[in-house]
Amino acid sequence: MAETVVAPTPPTGAPLPTGMRPGPLPVGTRASMLLRCLAIQGAWNYEILNGNGIGFCVEPALRHLPGGVDGDAYRAALARQCAYFNAHPYLASLAVGALARAELDQTPPEKLVRFRTALCGPLGSLGDRLVWAAWLPACSLVALLLFGLGAGPAMVAFGFLVLYNAGHLALRAWGLGAGWLHGLRLASALGANWLQRGPQYIARGAALVAGVALPFAAHRAIGGGASLEPVSLAVMACTPVLGVLLVRLHGKVEGWQLLFGLLALLVLYSTVLH
Amino acid sequence: MLPLTLDLLPVLVLGAILGLDVVSFPQAMISRPIVAATLAGAFAGQTAAGLVVGVALECLALETLPFGASRYPEWGSASVVGGLVGTRGADGALLPEPAAWVIGVMAAIATAWLGGWTMVWHRRLIARWARVRLDAMAGGSMRTVMSLQVYGLTADLLRGAALTLLGLLLAWPASGWAVNAWRLGATETRGALVIGAAGVAASAVWKVLHGYSVTRRLFVAGLAVGTVLVGLRG
């Protein structure tokens with residue numbers, strides 16, 4: 001196994017010594033990249049999708065290329081990084097770190113472009129499963145449980161934000177660091193057990209929390225009276241029926257669309273017909 | 001009439017920032033209804049009622065998975081509209097005034113739906129800007145990359161503000177009318193709304209978390225435990 005030569009940390013804007021592998025990213029560069037990752041989708045569009053965002057995030061690292069911001073290497077690298085790209089926004093930080101490393105390692109452009117293209121699929125599907133389909137609903141359901149248990153507005157809102165962003169920011173920071181560490185060997189980072197199995201465990205926890213949270217949240221939202229009052233019994237009886245109906249109608253109508261129609265009927269009944 | 005006493009400008013700024021959070025920056029989920037409607041309620045001096053409106057909207061948002069290029073409801077700015085309209089007349093109580101709550105949820109749904117379209121238009125607009133800059137980008141122009149990013153973020157901020165304004169312009173008078181004309185009892189109205197929101201949430205959990213073994217069984221077991229505990233507590 002080839003020994004990695006670690007270069008001393010250069011100041012921002014200074015080129016890395018040629019022929020040496022880059023050491024840790026300078027703190028300022030890393031902080032700048034991480035901050036920019038929060039705006040990675042700022043120019044998301046149907047032409048190049050997230051391409052401009054990747055270029056925007058990688059750019060601070062590219063300043064360390066020979067010649068700095070006025071050099072040909074910088075311009076060529078920035079042009080490459082702004083091409084079409086798509087990935088989950090949080091896991092895109094893995095790509096940002098790995099691509100920055102590959103550029104500073106002066107990887108041949110053809111190899112780098114192939115690597116860049118290959119990243120899109122895995123980073124998209126893994127991020128969707130981990131964040132949108134597991135972590136986000138799990139945090140929402142914990143917030144609903146807090147509400148159901150009687151927590152106040154500050155506790156519910158901050159509880160949700162702290163919990164969600166602990167995962168969110170950790171994922172982005174880990175991604176940037178792991179991407180930089182592994183470079184073109186990113187597959188080993190993507191194969192991490194917690195990343196592959198995480199969605200499954202989070203989804204199971206979320207399902208259990210959901211089951212407990214919904215009755216408590218519904219009970220509090222109708223006023224929290226005795227559970228044998230007619231309205232409480234109606235909620236207990238009708239909610240599962242509506243839920244099952246919506247599952248059966250999956251793909252034909254969304255729940256929020258159906259609810260809008262039902263509420264429109266309720267308004268009509270209560271204001272005109274009643 | 002618009003809620004001028006609310007100080008419209010801060011409300012529009014809130015709608016803009018929360019609209020921006022959905023996709024562009026920083027995706028910290030301050031745009032989730034349970035946070036956004038609570039914030040909007042706080043702007044109107046009705047934080048607790050804002051939370052309850054947010055809980056109903058959060059149940060609906062559970063169904064929405066914001067996958068990449070697909071069109072999905074934009075709940076950030078919509079929750080500001082829903083939070084303000086839904087807490088009208090709450091007078092510091094935990095539970096919103098029933099008619100306002102119903103109109104607030106409807107206003108949020110409509111605004112979220114329209115917001116989904118405005119996000120598509122926003123992406124098309126940036127694509128147009130990107131198309132005319134492709135040569136400069138291929139030349140590695142940092143200035144072009146930065147400007148496209150700034151234009152995109154700014155346009156998204158304006159999108160959120162405009163959406164919030166439009167939603168309030170339409171929903172505020174409607175809520176005033178509904179509050180005066182509402183005849184159904186408060187308990188029945190709240191019950192109907194909660195059945196709808198909780199039903200959507202239950203189906204969303206069933207659909208979203210279906211991909212892994214035992215999740216549905218865990219959900220049903222949790223429902224049974226939760227229902228019994230609520231019964232014992234009541």
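Treat the numbers as computed from the prediction; the structure is a model and nothing was measured.

A few points about the overall build of chain A
Next up, step 1: Summing up its helical and strand segments, chain A has 10 helices and zero strands in all.
Next up, step 2: Starting at the N terminus and ending at the C terminus, chain A contains elements arranged as α-α-α-α-α-α-α-α-α-α.
Next up, step 3: By the compact-globule yardstick of 19 Å for 274 residues, chain A is too spread out, its C-alpha radius of gyration being 25 Å.
Next up, step 4: C-alpha atoms of chain A, sized along the principal axes, occupy 80 × 35 × 30 Å.
Next up, step 5: Classification of the 274 residues of chain A by burial places 54% in the buried group.
Next up, step 6: Restricting the contact set of chain A to residue pairs at least 6 apart, pairs at least 24 apart contribute 70%.
Next up, step 7: For chain A, the computed accessible surface area is about 11,300 Å², with 67% contributed by carbon and sulfur atoms.
Next up, step 8: Computed over 18 positive and 11 negative side-chain charges, the inter-centroid distance for chain A is 8 Å.

Overview of the domain arrangement of chain B
Residues and elements named next belong to chain B.
Next up, step 1: Taken domain by domain, chain B holds domain 1 (8-128 + 157-182) and domain 2 (185-234).
Next up, step 2: Distance from the C-alpha centre of domain 1 to the C-alpha centre of domain 2: 23 Å.
Next up, step 3: Residue-level contacts link 13 residues of domain 1 with 12 residues of domain 2.
Next up, step 4: Of the roughly 1,100 Å² buried at the junction of domain 1 and domain 2 (both faces included), carbon and sulfur atoms supply 80%.
Next up, step 5: The three residues of domain 1 that bury the most area against domain 2 are Glu-63, Pro-98 and Trp-101, which together make up 38% of that side's buried surface.
Next up, step 6: Put simply, domain 1 and domain 2 have one salt bridge between them.
Next up, step 7: Here Glu-63 ties to Lys-207 by a salt bridge, and the two come within 3.1 Å at their closest N and O atoms.
Next up, step 8: Put simply, domain 1 and domain 2 have three residue pairs in polar contact (both at pLDDT 80 or more) between them.
Next up, step 9: When contributions to the side of domain 1 that touches domain 2 are tallied by element, the ones reaching two or more residues are helix H3 (47-61) and helix H5 (98-131).
Next up, step 10: In terms of residue count, H5 provides more of the side of domain 1 that touches domain 2 than any other element does, four residues in total.

What to know about the packing of helix H9 (residues 230-248) of chain A against helix H10 (residues 255-273) of chain A
Residue and element names in this part refer to chain A.
Next up, step 1: Relative orientation of the contacting elements H9 and H10 amounts to 125°, with a least axis distance of 10 Å. By the angle between their directions, the pair H9 and H10 is classed as oblique. At the point where H9 passes H10, the crossing takes the right-handed sense. Each of Leu-242, Leu-245 and Leu-246 in H9 lies in contact with H10, whose residues at this interface are Gly-255, Leu-258 and Leu-262.
Next up, step 2: Class assignment of the residues belonging to the contact of H9 with H10 gives a composition of five nonpolar, one polar and no charged.

Quick word on the environment of B:Ile30
Next up, step 1: With respect to the secondary-structure elements, B:Ile30 resides in the loop between helix H1 (8-23) and helix H2 (33-43).
Next up, step 2: Put simply, B:Ile30 and B:Leu209 are 179 residues apart on the chain and 23 Å apart in space, counted from C-alpha to C-alpha.
Next up, step 3: Those residues in contact with B:Ile30 that lie beyond four places of it in its chain are A:Leu161, B:Ile17, B:Leu18, B:Asp21, B:Val35 and B:Ala36.

Comments concerning the environment of A:Val212
Next up, step 1: Structurally, A:Val212 is set in helix H8 (residues 193-221).
Next up, step 2: Separated by 70 residues in the primary sequence, A:Val212 and A:Val142 have C-alpha atoms spaced 9.8 Å apart.

A closer look at the environment of A:Leu144
Next up, step 1: With respect to the element layout, A:Leu144 can be found in helix H5 (residues 109-148).
Next up, step 2: Taking C-alpha positions, A:Leu144 is 19 Å from A:Ser227, a pair spaced 83 residues apart along the chain.

Side note on empty space enclosed by the protein
Residues and elements named next belong to chain B.
Next up, step 1: Under the definition given, this model contains six cavities of 30 Å³ or more.
Next up, step 2: In this model, the largest cavity occupies a volume close to 150 Å³.
Next up, step 3: Contributing to the lining of the largest cavity are 13 residues, with Val-22, Arg-32, Pro-66, Pro-73 and Trp-75 lying nearest its centre.
Next up, step 4: The residue inventory of the lining of the largest cavity, partitioned by class, reads eight nonpolar, three polar and two charged.
Next up, step 5: Of the pockets and cavities examined, the second largest cavity occupies roughly 90 Å³.

Thoughts on the pattern of salt bridges
Next up, step 1: Going through the model one piece at a time under the given rule, you end up with 10 salt bridges over all chains.
Next up, step 2: Across the pair A:Arg101 and A:Asp105 runs a salt bridge whose closest N-O atoms are separated by 3.2 Å.
Next up, step 3: Linking B:Arg159 and B:Glu74 is a salt bridge whose minimum nitrogen-to-oxygen distance equals 2.9 Å. In this pair, B:Arg159 is assigned in helix H7 (residues 142-181) and B:Glu74 in the loop between H3 and helix H4 (75-86), connecting sequence segments 85 residues apart. Taken individually, B:Arg159 and B:Glu74 each receive the classification buried, so the pair is uniform in this respect.
Next up, step 4: Shared partners join several salt bridges into a network, and the residues in it are A:Arg36, A:Glu59 and A:Arg63.

What to know about H5(B)
Residues and elements named next belong to chain B.
Next up, step 1: Compared with the 50 Å implied by 1.5 Å per residue over 34 residues, the 49 Å span of H5 between its first and last C-alpha is a close match.
Next up, step 2: For H5, the tally of buried residues reaches 24 of 34 residues, placing the bulk of the element in the interior.
Next up, step 3: For H5, the capping residue at the N-terminal end is Glu-97, with a side-chain oxygen 3.2 Å from the backbone nitrogen of Ala-99.

What counts and what doesn't
- Residue indices begin from 1 for each chain and proceed along its sequence in written order.
- Whichever chain is written first is A, and whichever ligand is written first is 1; the rest continue in order.
- Totals for whole chains, interfaces and linings use every residue, but because this is a predicted model, local features are given only for residues with pLDDT of at least 70 and side-chain atom pairs only at 80 or more, for both listing and counting.
- The side-chain figures draw on all heavy atoms in the structure; neither hydrogens nor water molecules are used.
- Numbering goes from the N terminus for both helices and strands, where a helix is a DSSP run of H or I of at least four residues and a strand is a run of E of at least two.
- With C-alpha atoms as the basis for the radius of gyration, the globule rule is written as 2.2 Å multiplied by the number of residues raised to the power 0.38.
- Remark: exposure states derive from per-residue accessible area (1.4 Å probe, protein chains only) relative to the maximum for the residue type, with buried under 20%, exposed over 50%, and partly exposed in between.
- Only heavy atoms enter the contact rule, under which two residues are in contact if any of them lie within 4.5 Å.
- Here, Shrake-Rupley sampling with a 1.4 Å probe gives the accessible areas, and only protein chains in the shown set may cover a residue.
- Neither His nor the chain ends contribute to the count of charged residues, in which Lys and Arg are positive and Asp and Glu negative.
- Note that the charge is assigned to NZ on lysines, CZ on arginines, CG on aspartates and CD on glutamates.
- An automatic or database domain assignment provides the domain bounds reported here.
- The quantity reported as buried area is the accessible area (1.4 Å probe) lost by two parts once they are put together, taken as the sum for both.
- Within this document, salt bridges are pairs made up of a side-chain nitrogen of Lys or Arg and a carboxyl oxygen of Asp or Glu, the two lying within 4 Å of each other.
- Two N or O atoms count as a polar contact when they lie within 3.5 Å, although within protein this holds only if one can serve as hydrogen donor and the other as acceptor, and sequence-adjacent residues are included solely when both atoms are side-chain atoms.
- All axes here are fitted lines through C-alpha atoms, helices being fitted over the stretch that makes contact, and every angle between N-to-C directions spans 0 to 180 degrees.
- In what follows, roughly perpendicular refers to angles from 65 to 115 degrees, roughly parallel to angles under 35, roughly antiparallel to angles over 145, and oblique to any angle outside these ranges.
- Handedness of a crossing is defined here by the sense of rotation of the near helix relative to the far one, left-handed for an anticlockwise turn of less than a right angle and right-handed for a clockwise turn.
- Following the grouping adopted for this structure description, the nonpolar residues are Ala, Val, Leu, Ile, Met, Phe, Trp, Tyr, Cys and Pro, the charged ones are Asp, Glu, Lys and Arg, and the polar ones are all others, Gly among them.
- A cavity here means a set of 1 Å grid points, computed over protein atoms only, where a 1.4 Å probe fits but cannot escape. A pocket is an open set with protein on both sides within 12 Å along at least 5 of 7 lines, and lining residues have an atom within 4 Å of a point.
- Grid points are joined across faces, edges and corners, and a volume is the space filled by probe spheres set on the points.
- A helix's residues, less one, multiplied by 1.5 Å, set its expected span.

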